Amino acid sequence: MVDMPRKNDEPDVSVIIGAYDAMPYLVRCLESVEAQTIGADRMEIVAVDDGSTDGTGACLEEFAARTAIPMRVVRQANSGGPSGPRNRGLGLARGRYVFFLDADDYFGEEALERMVAMGDRAGTDVVLGKIVGVNRGAAKSMWKETVERADLYSSNVKFTLSAQKLFRRDLLVRLGMAFDEKLKTGEDALFTMEAYIRGNGISVVADYTCYYLVGREDRNQMTKKGGYRRRFDSARALMGLIARYVPPGPRRDVLMVRPFVITLLPQFGPGLLKQTPEVRERKMALAAPLMKAYWTPELGRNLKVDERLRLMCLAEGRLDLLLDIVAFLRAGEEPELVRRGNPPRLHLAYPHFGEGSVLPDRAYRVTITEWVGGRRIEAPRDGPRPSLARRVVRRTRRALLGVVRAPRAHRA
């Protein structure tokens, strides 16, 4: 047990709420903070109204006037994104920990008590509390068990990079961390990944639902907005951060799977066929420096065949080959399973297989579990033991969303 006494009137946790046109969802959000079993004397609320026009600011002030929880409300002109309000709130926070609560969402009653207790017991700087979706999906694979210290590289915590976590404020102050206000998408991923990499450990509270992630009926959520350029900005920033703090090698490759597959690759899915030649060329140009700087063959061997092929096309600047593969995926065709080589290896014969182009046969080799036509295809185990990176990514990818997905499945 790590003894973490409070200093004077320092609260255990500061709940930071950035709010923009959050009615009526804000009402339940605030009620869930007031219902916390940790008690009003152990927390504070710092709420920032980011130029709302629907009564959000008035709701915050009315709540502050009657709640027993120490609360500060700041009203400011609209900043255009969630980073500004979060940074303003972080600058005013006094708690040992901070939690960034979105105004659309709400807590489970014991959330803060359980997460603070975990952070104090384990001495970790980031605590993840189980998240479930309400009228929307939420990642599931990282909630299989409660863990005092989760390994960033071998566990699935790397695939939950939203800001809705408990952070030790001393870490954020010591490192001068803040949300990047220039990014309009992915700013929370950048912030959270830095805390993961540079902090003193990550804990997971999985035996209690701490956070309810709400899908708004009006779909007025920043995560659903923004053009493709914002996605490239997000991928570039996250790849750069990982490269800055993790040396080249298996560990970096494991972390790079996230921005390559989850952020970058969806820009080169079947939707590419509907876009104009100009947009396609611009996307290729935006991807080229990222591929040159961060793509590695070892990273490619950690991916499914269609993912690897598409990214190799990007690395080689071959839009023509990429469009052929994307058209194959869009048509719902199933690649032929081919055994080739010495020793024989399994390959998935996507377009241009066996042509000796910039996509050699080895690029089509099955290296992790694939699903083709409902059939599970396992990579052969008769060769050398897979690398650490490949073993880790194989495990994390199987569990990423908590469900089995076919190779053509769309990822958000």
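Residues numbered from 1 in each chain as written. Predicted model: local features only at pLDDT ≥ 70, side-chain atom pairs only at ≥ 80, totals over all residues. Heavy atoms only, no water.

**Details of the pairing of strand S11 (residues 345-349)**
S11 sits mainly inside the fold: four of its five residues count as buried. Looking at chain direction, strand S10 (residues 336-340) and S11 are connected through five bridges and run antiparallel. Bridge pairing links Val 338 to His 347 in S11. Here S10 hands over to S11 after four residues, with Gly 341 in that stretch at a positive phi of 105 degrees. (Buried < 20%, exposed > 50% of the residue type's maximum accessible area, 1.4 Å probe, protein only. Helix = DSSP H or I, 4+ residues; strand = E, 2+ residues; numbered from the N terminus. Pairing = 2+ DSSP bridges.)

**Details of the packing of helix H7 (residues 228-245) against helix H8 (residues 250-264)**
Orientation of H7 relative to H8, taken along the N-to-C sense of each, is 175 degrees, at an axis distance of 9 Å. Viewed along their axes, H7 and H8 adopt a mutual orientation that is roughly antiparallel. Here H7 contributes Arg 231, Phe 232, Ser 234, Ala 235, Leu 238, Met 239, Ile 242 and Ala 243 to the contact with H8, which in turn contributes Arg 252, Leu 255, Met 256, Arg 258, Pro 259, Phe 260, Thr 263 and Leu 264. (Axes fitted to C-alpha atoms, helices over the stretch in contact; angles between N-to-C directions. Parallel < 35°, antiparallel > 145°, perpendicular 65-115°, else oblique. Contact = heavy atoms within 4.5 Å.)

**Regarding unusual backbone geometry**
The linkage connecting Met 23 with the following residue, Pro 24, adopts the cis geometry, with an omega of 0 degrees. In this chain, Asn 342 is followed by Pro 343 through a cis amide linkage whose omega measures 5 degrees. Tracing the backbone through its elements, the reader meets Pro 343 in the loop between S10 and S11. The phi angle at Asp 21 is positive, at roughly 40 degrees, despite the residue not being glycine. Mapped onto the secondary structure, Asp 21 falls in the loop between strand S1 (13-19) and helix H1 (25-34). On the basis of relative accessibility, which here comes to 13%, the residue Asp 21 falls in the buried class. Not every positive phi belongs to a glycine, and Asn 135 is a case in point at roughly 60 degrees. Judged by relative accessible area, which is 67%, Asn 135 ranks as exposed.

**Some thoughts on the state of the cysteines**
A complete count under the given rule lists zero disulfides for this structure. Cys 59 takes part in no disulfide bond, and the closest cysteine sulfur, belonging to Cys 29, lies 9.4 Å away. Cys 59 sits in the buried class, given a relative accessible area of 13%. (Disulfide = S-S within 2.5 Å.)

**A short note on the side chain of Asn 87**
With respect to the element layout, Asn 87 can be found in helix H3 (residues 83-92). Residue Asn 87 is classed as buried on the basis of its relative accessible area, which comes to 16%. Once residues lying within four places of it in the same chain are set aside, the contact partners of Asn 87 are Ala 178, Phe 179 and Glu 181.

**Considerations on helix H12 (residues 319-330)**
Taking 1.5 Å as the rise per residue, H12 with twelve residues should run 16 Å; its terminal C-alpha atoms sit 16 Å apart, in good agreement. Its buried side turned inward, H12 meets helix H9 (277-294) and helix H11 (305-316). Of the residues trailing H12, Gly 332 is marked for its positive phi of about 75 degrees. (Expected span 1.5 Å × (residues − 1).)

**Concerning the pattern of salt bridges**
Enumeration according to the criterion identifies 24 salt bridges in this entry. Linking Arg 86 and Glu 187 is a salt bridge whose minimum nitrogen-to-oxygen distance equals 3.4 Å. Placement of the pair is Arg 86 in helix H3 and Glu 187 in helix H6 (residues 187-198), with a sequence separation of 101 residues. Glu 187 shares its class with Arg 86; the two are buried. In this structure, Arg 310 and Asp 306 form a salt bridge, with 2.7 Å as the shortest nitrogen-oxygen distance. Remark: Asp 306 and Arg 310 occur in helix H11; sequence separation between them is four residues, near one turn of the helix. For Arg 310, a relative accessible area of 9% corresponds to the buried category. Several salt bridges converge on common partners, so that one network encompasses Asp 12, Arg 42, Arg 96 and Asp 120. (Salt bridge = Lys/Arg side-chain N within 4 Å of Asp/Glu carboxyl O.)

**Digging into the nonpolar core**
Phe 260 and Leu 264 are the most contacted members of the largest nonpolar core, which totals 125 residues. Residue contributions to this core peak at nine residues, all from H7. Each of domain 1 (11-220) and domain 2 (226-375) accounts for three or more of the residues forming this core. Once you skip the residues sitting within four places of it in the chain, Leu 264 turns out to touch Phe 232, Ala 235, Met 239, Pro 259, Ala 287, Leu 290, Met 291 and Leu 311. (Core = buried A, V, L, I, M, F, W, Y, C linked by side-chain atoms within 4.5 Å. Domains from an automatic or database assignment.)

**What to know about the packing of aromatic side chains**
All told, the structure shown has 14 aromatic pairs when counted by the stated rule. Ring centres 6.2 Å apart and planes at 80 degrees place the aromatic pair Phe 107 and Tyr 211 in the edge-to-face group. Note that Phe 107 is positioned in strand S5 (residues 106-107) and Tyr 211 in strand S9 (residues 202-214), a separation of 104 residues in sequence. Accessibility classification places Phe 107 together with Tyr 211 in one group, the buried group. With a centroid separation of 3.9 Å and an interplanar angle of 10 degrees, the aromatic rings of Phe 179 and Phe 191 are classed as stacked. Here Phe 179 is found in the loop between helix H5 (169-175) and H6, whereas its partner Phe 191 is found in helix H6, with twelve residues between them in sequence. Comparing Phe 179 with Phe 191 shows no difference in burial state: the two are buried. (Phe/Tyr/Trp six-rings, centres within 6.5 Å; stacked < 30°, edge-to-face > 60°.)

**Structural notes on the confidence of the model for the chain**
Residues at a pLDDT of 70 or more form 88% of the chain, whose mean pLDDT is 89. For the stretch residues 1-6, pLDDT sits under 50, and the model shows 13 contacts to residues farther than four places along the chain or on other chains. (pLDDT = per-residue confidence, 0-100.)

**Considerations on H8**
Taking 1.5 Å per residue as the helical rise, H8 with its 15 residues ought to reach 21 Å, and the 20 Å between its terminal C-alpha atoms agrees with that figure. Along its length, H8 reaches its greatest deviation from straightness, about 30 degrees, at Met 256, and the proline Pro 259 lies no more than four positions downstream. H8 sits mainly inside the fold: 13 of its 15 residues count as buried. (Bend = angle between axes of the 7 residues up to and from the residue.)

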